[in-house]
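As a plain string of letters, each chain reads:
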Amino acid sequence: MYSSPDGCHCLRSFVVWGYIYIQILSCVYAVWTLVVYNTPVMANKFNAGDGRTRSHVSIFIVAGLCCFFYLLGAWQRSGFGKGDSIALEMTKSGENCNVLPNLNFETHHGGEAGIIDDSDSKATVYKPCHQRYTDYTPCQDQGRAMTFPRDNMIYRERHCPPQAEKLRCLIPAPEGYVTPFPWPKSRDYVPYANAPYKSLTVEKAIQNWIQYEGNVFRFPGGGTQFPQGADKYIDQLASVIPIDNGTVRTALDTGCGVASWGAYLWKKNVIAMSFAPRDSHEAQVQFALERGVPAVIGVLGSIKMPYPSRAFDMAHCSRCLIPWGINDGLYMKEVDRVLRPGGYWVLSGPPINWKTNYKAWQRPLEDLKEEQRKIEDAAKLLCWEKKSEKGEIAVWQKTMDSDACRAKQESAGATFCQSEDSDNVWYKKMEQCITPNKNPNSEEIKPFPERLHSVPPQIVSGSVSGVSAEAFLEDDKQWKKHVNAYRKTIPILDSGRYRNIMDMNAGFGGFAAALQSPKLWVMNVVPTIAKKNTLGVVYERGLIGIYHDWCEAFSTYPRTYDLIHANGVFSLYKDKCDFEDIILEMDRILRPEGAVIFRDEVDVLVKVKRMIGGMRWDSKMIDHEDGPLVPEKVLVAVKQYWVGNSTSSQ
């Protein structure tokens, strides 16, 4: 039997099973009555007729009582029944039973975290990895990357280790590691010990990216194209793009650097998905996540981006060094795939305004001229209208008139992608074709935050098979209920203690929607093996996310998430890959003193609890909010603080 705090589980179980025992005793009494009143000793020849009548009545009464108590028991087992007034009072009195007093959710930067109580069975004890793996990224390992071709940035793409080469140890935090500053201070300051890499302070010194001050890095908000600060740069964009009214909510930042653009968009209520490769700049994505800004390791190379079609309201490149004009605008076609009709594309830096800047850029004038011509031609073919070109910033808008655009493209001899599922992108090669807009309702998306809880256009149009508007709204309602229960278990859930949150099996994004707060953001992951492809719905709600296969490592640095939510993940991956691989990856990306909420069937969670018993995590199993008889349970865990090659928690 799993444990529950303060005996609350036992108390509730006593009440519920008490009712079941009463039901059984009532049926036994009814049968005994039938036997006593119909025994041959009491039925003589003078009252045989009366006995038969009484027998029929007794049988009817017993059958009725049994049916009644069967239905009552079924109702109670469903999780909706609360029993009589006594049981109801007992339920109310146990309202706070899921508050876990022996799990410490606060950060202490390095205090004693306690011992895992897992005496029921012995768990495999996982040892720390060598300290050289402190910043290990399994699928973007530098050594492995150099064995792949450099054409089209293939060597910077995902290349995961085979099963035999996977690490079976715990990635250590660096010496001196501390919990990041809370937002918004984290936007401007990162503890040096958490990412001790000074190279960017030298390489980007004049561009105001990052400065080293004492024991912290300071981020002044500058960038290659906005050395005077991201605020002024964003204000320039806002003069052309409706950033302030909720029309633009989701943005894609390609080649993001340390993600200052995304960091300063936050105050506009715009959430940016930023990506950059793990390259000579070393820790740019790591810095972004330490700052509390959504980011992943990624590159525009030969593989499609892991995002659904028509996902983003705006895409951005600020001197990102992506060769947009090559291969007949192949990369622009991929941006067009993920850009919503009516969405904006921002390009700042070379080759924009090449006539003025070619000397400063130290590039031949003719090369820049030809590069911009190719970009303009590709934009025209994609039906992007140039809205502005001022200084080194150009802004295009994708047309909303898909039918008229299609006619123009056909007359120009454009090639259209033939795939029936334009969202089937995991490890799929980019194609030299234009992705048709198959969702005519895209223009009906409401501004944020109204769109967060509205029925998304993909649901309305029936694009998600088997999901009605009613089913979506019920899912939204259920996640509000689940998250309210989580708040009772983890009272500081949305206090700002947890900034970077991941939902490993996001569904429609209900968990993230119920948590929505300016103090946090959620990376909504839709597994590639999920029964329904719902990531497009997540984006239509004004949230962000990514496709991923949890049999492989995620495209991020170690210690980049404060809280992980795993709903049904292990049931989904049962017989698909080793649970150990998933749990070790969760440990890699979770910060010391970070928390995990598992939600799954009880037999699955018992196995998970046993496994994490050897991982320096404290854990506790609690009931479903509807009661102990619901087979789905919740397992809450907190990762202990330890650093370096420690053999025990510090």
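Residues numbered from 1 in each chain as written. Predicted model: local features only at pLDDT ≥ 70, side-chain atom pairs only at ≥ 80, totals over all residues. Heavy atoms only, no water.

Visitor: Could you give an account of the confidence of the model for the chain, with specific residues and numbers?
Guide: Per-chain confidence: the chain averages 85 in pLDDT, with 79% of residues scoring 70 or above. Counting interchain partners and residues more than four positions distant, the pLDDT-below-50 stretch residues 77-96 has 23 contacts. Below pLDDT 50 for its whole length, residues 110-120 participates in 23 contacts with residues either more than four positions away or in separate chains. (pLDDT = per-residue confidence, 0-100. Contact = heavy atoms within 4.5 Å.)

Visitor: Report on the packing of aromatic side chains, specifying residues and quantitative values.
Guide: One pass over the full model with this rule turns up 22 aromatic pairs. Ring centres of Phe217 and Phe287 lie 5.1 Å apart, and the angle between their planes is 80°; on these two criteria the pair is classed as edge-to-face. Taken as a pair, Phe217 in strand E3 (residues 216-218) and Phe287 in helix H9 (residues 284-290) lie far apart in primary sequence, 70 residues in all. The exposure class assigned to Phe217 is buried, which follows from its relative accessible area of 0%. The exposure class of Phe287 is buried, given its relative accessible area of 1%. Pairwise contacts between aromatic rings join Tyr192, Tyr212, Phe217, Phe219 and Phe287 into one cluster. When the ring centre of Trp183 is taken as reference, the NZ or CZ atom of Arg499 above it lies at 3.8 Å. The positively charged end of Arg499 is found above the aromatic ring belonging to Trp266, 4.4 Å away from the centroid. (Phe/Tyr/Trp six-rings, centres within 6.5 Å; stacked < 30°, edge-to-face > 60°. Helix = DSSP H or I, 4+ residues; strand = E, 2+ residues; numbered from the N terminus. Buried < 20%, exposed > 50% of the residue type's maximum accessible area, 1.4 Å probe, protein only. Lys NZ or Arg CZ within 6 Å of the ring centre and 35° of its normal.)

Visitor: Describe in detail the sheet that holds strand E12 (residues 521-527), supporting the description with residues and values.
Guide: One open sheet accounts for seven strands, arranged E13-E12-E11-E14-E15-E17-E16; its pairing is mixed. Either end of the sheet is taken by a strand with one partner, and the two such strands are strand E13 (544-548) and strand E16 (617-622). The sheet shows a mean angle of 20° between the axes of neighbouring strands, direction not considered. In terms of strand pairing, E12 meets E13 through five bridges, oriented parallel. Residue pairing across strands places Pro527 opposite His548, the latter belonging to E13. Helix-sheet contacts for helix H15 (residues 469-489) involve strand E14 (561-567), strand E15 (590-601), E16 and strand E17 (632-639), and the interaxial angle to E15 is about 130°. (Pairing = 2+ DSSP bridges. Axes fitted to C-alpha atoms, helices over the stretch in contact; angles between N-to-C directions.)

Visitor: Describe the packing of helix H11 (residues 354-361) against helix H12 (residues 365-381), and please don't skip the residues or the numbers.
Guide: What describes two packed helices is the angle between their axes and the distance between those same axes. One can describe the packing of H11 onto H12 by two numbers: an axis separation of 9 Å at closest approach and a directional angle of 130°. As far as their axial angle goes, H12 and H11 are oblique. When you trace H11 past H12, the crossing you get is right-handed. Across the interface between the two elements, Trp354, Tyr358 and Trp361 of H11 pack against Leu365, Leu368, Lys369 and Gln372 of H12. (Parallel < 35°, antiparallel > 145°, perpendicular 65-115°, else oblique. Left-handed = near helix turned anticlockwise from the far one by under 90°.)

Visitor: Describe the environment of Ile171, with residues and values.
Guide: Structurally, Ile171 is set in the loop between helix H4 (142-145) and helix H5 (185-188). C-alpha of Ile171 to C-alpha of Gly644: the two residues are 473 residues apart in sequence and 8.8 Å apart in space. In this structure Ile171 touches Cys129, Tyr133, Thr134, Tyr136, Pro558, Arg559, Asp587, Arg588 and Trp642, once residues within four positions along its chain are discounted.

Visitor: For the environment of Cys383, give the residues involved together with the corresponding values.
Guide: Along the chain, Cys383 falls in the loop between H12 and strand E9 (384-390). Using a relative accessible area of 14% as the deciding quantity, one classes Cys383 as buried. The sequence separation of Cys383 and Asp401 amounts to 18 residues, and the corresponding C-alpha distance is 9.1 Å. Setting aside its immediate chain neighbours within four residues, Cys383 contacts Gln397, Lys398, Thr399, Cys405 and Gln409.

Visitor: Report on the pairing of E9, specifying residues and quantitative values.
Guide: Bridge analysis of E9 against strand E10 (residues 393-398) gives six bridges, and the strand direction is antiparallel. Among the inter-strand pairings, Glu385 is bridged to a residue of E10, identified as Gln397. Turn length for the E9-E10 hairpin, with the two strands adjacent in sequence and antiparallel, is two residues, and the turn residue Gly391 shows positive phi of about 65°.

Visitor: Tell me about the state of the cysteines, residues and numbers included.
Guide: Enumeration over the complete set of coordinates arrives at six disulfides. There is a disulfide in this structure between Cys129 and Cys169, and the S-S distance comes to 2.0 Å. The disulfide joining Cys129 to Cys169 has a torsion of about 100° about its S-S bond and is therefore right-handed. With a gap of 40 residues between them, Cys129 in the loop between helix H3 (85-93) and H4 and Cys169 in the loop between H4 and H5 connect regions that are remote in the sequence. Each member of the pair, Cys129 together with Cys169, is buried. (Disulfide = S-S within 2.5 Å.)

Visitor: Which residues make up the pattern of salt bridges, and what values do they have?
Guide: Applying the stated rule across the entire model yields 34 salt bridges. For Glu376, the salt bridge is made with Lys386, and the minimal N-O distance between the two is 2.5 Å. In this pair, Glu376 sits in helix H12 while Lys386 sits in strand E9, placing the two residues 10 residues apart along the sequence. Glu376 gets classed as partly exposed once you look at its relative accessible area, which sits at 25%. Among the salt bridges present, the one from Glu632 reaches Arg599, with a minimum N-O distance of 3.0 Å. Of the two residues, Glu632 sits in strand E17 while Arg599 sits in strand E15, which places them 33 residues apart along the sequence. Connected via shared salt-bridge partners are Lys166, Arg168, Glu580 and Asp581. (Salt bridge = Lys/Arg side-chain N within 4 Å of Asp/Glu carboxyl O.)

Visitor: Before we move on, could you go through the packing of helix H19 (residues 579-589) against helix H20 (residues 602-612) and cite the residues and values that matter?
Guide: H20 packs onto H19 with a crossing angle of 60° between their chain directions and a minimal axis gap of 11 Å. Between H19 and H20, the angle falls in the class oblique. Considering the relative orientation of H19 and H20, their crossing is right-handed. In this structure, H19 uses Phe579, Glu580 and Ile583 to contact H20, whose residues at the interface are Val604, Lys607, Val608, Met611 and Ile612. Split by residue class, the contact of H19 with H20 holds six nonpolar, no polar and two charged. (Nonpolar A, V, L, I, M, F, W, Y, C, P; charged D, E, K, R; others polar.)

Visitor: Tell me about the pairing of E16, and name the residues and values.
Guide: Within E16, six of the six residues are buried, which leaves the element mostly enclosed by the surrounding structure. Alternating positions in E16 separate into two faces, Trp617, Ser619 and Met621 on one and Asp618, Lys620 and Ile622 on the other, with burial throughout. Relative to E17, E16 runs antiparallel, the two sharing six bridges. By the bridge assignment, Lys620 is partnered in E17 with Val636.

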